[in-house]
Amino acid sequence: MNKSQLLVQKYSPLPSDPWQWNYAQYADIEDMFTMAKQHFEREMSDIFTINDASYKYALDLATSHQRHNLAHEQLLVCRDKSTNKLLAYSWIGRGHRTPYSNDEMAEARMAHMDLDLSGIERIHILVQMMIYWEMWCEACRIPVLVSTSIRSEQATFLKLHERLGFIVRGAIAYKRIIPKEKK
């Protein structure tokens, strides 16, 4: 078993986890928005003009897309089983391509979590997010998965991608999910 497989085996979602992943619903939007505002807005507010209504609209649209077509995009929430507190949410979309390839890419849009969680909990949840991203790409037959970070502290995030078999170039991680067809 290689390092990537060992990491997946160690952190795969289990019924015994103290949290549970579910598809995001309209009722989750306010908690996702609050988490983004509290933990992540400061990372981008010097660059972008943050618009709260636009973000809530984007989350609402994603939940609607997902409700009607699970292959359009995936927005998951991770909640504590005993308190129902939002611990993290994961958002991935599809339909992206580079100008030099016809291979479709899935792009990780958000990997937000409560930064008050312990380091090991954050790693555990992040690895589970990436497991769900790969499963979704496989189910949708999307050949390439792309992930990047806006955070100033991104070394651990990108190192986890490498350990899970991604190729990291700068602050962007790529992984071939569906093997290339032989010519």
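What you see is a predicted model, and the numbers here were worked out from it, not measured in a lab.

### A closer look at the packing of aromatic side chains
Thinking step 1. A complete count under the given rule lists two aromatic pairs for this structure.
Thinking step 2. Look at Tyr55 and Trp91: their rings are 6.3 Å apart centre to centre, the planes differ by 55°, and that puts the pair in the tilted class. Of this pair, Tyr55 sits in helix α4 (residues 52-68) while Trp91 sits in strand β3 (residues 86-96); the two residues are 36 residues apart in sequence, bridging distant segments of the chain.
Thinking step 3. The ring of Phe33 carries the charged tip of Lys56 above its face, separated from the ring centre by 4.5 Å.
Thinking step 4. In this structure, Arg109 packs its charged tip against the face of Trp91, placed 4.5 Å from the ring centre.

### Remarks on unusual backbone geometry
Thinking step 1. Residues other than glycine seldom take positive phi values, yet Asn84 does so here, at roughly 65°.
Thinking step 2. In this structure, Asn84 sits in the loop between β2 (73-80) and β3.
Thinking step 3. The backbone phi angle of Arg141 is positive, close to 60°, even though this residue is not glycine.
Thinking step 4. Inspection of the secondary structure puts Arg141 in the loop between α5 (119-140) and β5 (144-148).
Thinking step 5. Given a relative accessible area of 55%, Arg141 falls into the exposed group.

### Re the nonpolar core
Thinking step 1. Ranked by size, the top nonpolar core spans 34 residues in total, and within it Trp21, Ile125, Met129, Cys137 and Leu145 carry the most contacts.
Thinking step 2. For this core, the secondary structure elements donating two or more residues are α1 (3-11), β1 (19-23), β2, β3, β4 (105-113), α5 and α6 (155-163).
Thinking step 3. In terms of residue count, the dominant contributor to this core is α5 (eleven residues).
Thinking step 4. Not counting the four nearest positions on each side in its chain, Cys137 is found in contact with Ile92, Ala106, Ile142, Leu145, Ile177 and Ile178.
Thinking step 5. Formed by 15 residues, the second largest nonpolar core is a distinct cluster that contains Met32, Met35, Phe40 and Ala62.

### Concerning the pattern of salt bridges
Thinking step 1. In this structure the tally under the stated criterion is ten salt bridges.
Thinking step 2. In this structure, the salt-bridge partner of Glu134 is Lys175, at a minimum N-O distance of 2.7 Å. Within this pair, whereas Glu134 is found in helix α5, its partner Lys175 is found in strand β7 (residues 172-176), the two being separated by 41 residues in sequence. The pair Glu134 / Lys175 is uniform in exposure class, with both members buried.

### A word on the side chain of Arg79
Thinking step 1. Residue placement: Arg79 occurs in strand β2.
Thinking step 2. A polar contact of 2.9 Å, which involves the side chain of Arg79, links it to the side chain of Asp28.
Thinking step 3. Polar side-chain contacts of Arg79 include one of 2.7 Å to the backbone oxygen of Asn84.
Thinking step 4. If near-sequence neighbours (up to four positions away) are discounted, Arg79 is found in contact with Pro18, Trp19, Gln20, Asp28, Asp31, Asn84, Lys85, Leu86 and Leu87.

### Some words on the side chain of Asp114
Thinking step 1. Note that Asp114 resides in the loop between β4 and α5.
Thinking step 2. On the accessibility criterion, Asp114 (5% relative accessible area) is buried.
Thinking step 3. Here Lys85 takes part through its side chain, which lies 2.7 Å from a polar atom of the side chain of Asp114.
Thinking step 4. A polar side-chain atom of Asp114 sits 2.7 Å from the main-chain amide nitrogen of Asp116.
Thinking step 5. Among residues more than four places away in sequence, those in contact with Asp114 are Met35, His39, Lys85, Leu87 and Arg122.

The rules behind these values
- Residues numbered from 1 in each chain as written.
- Predicted model: local features only at pLDDT ≥ 70, side-chain atom pairs only at ≥ 80, totals over all residues.
- Heavy atoms only, no water.
- Phe/Tyr/Trp six-rings, centres within 6.5 Å; stacked < 30°, edge-to-face > 60°.
- Helix = DSSP H or I, 4+ residues; strand = E, 2+ residues; numbered from the N terminus.
- Lys NZ or Arg CZ within 6 Å of the ring centre and 35° of its normal.
- Buried < 20%, exposed > 50% of the residue type's maximum accessible area, 1.4 Å probe, protein only.
- Core = buried A, V, L, I, M, F, W, Y, C linked by side-chain atoms within 4.5 Å.
- Contact = heavy atoms within 4.5 Å.
- Salt bridge = Lys/Arg side-chain N within 4 Å of Asp/Glu carboxyl O.
- Polar contact = N/O pair within 3.5 Å; in protein donor to acceptor, adjacent residues only side chain to side chain.

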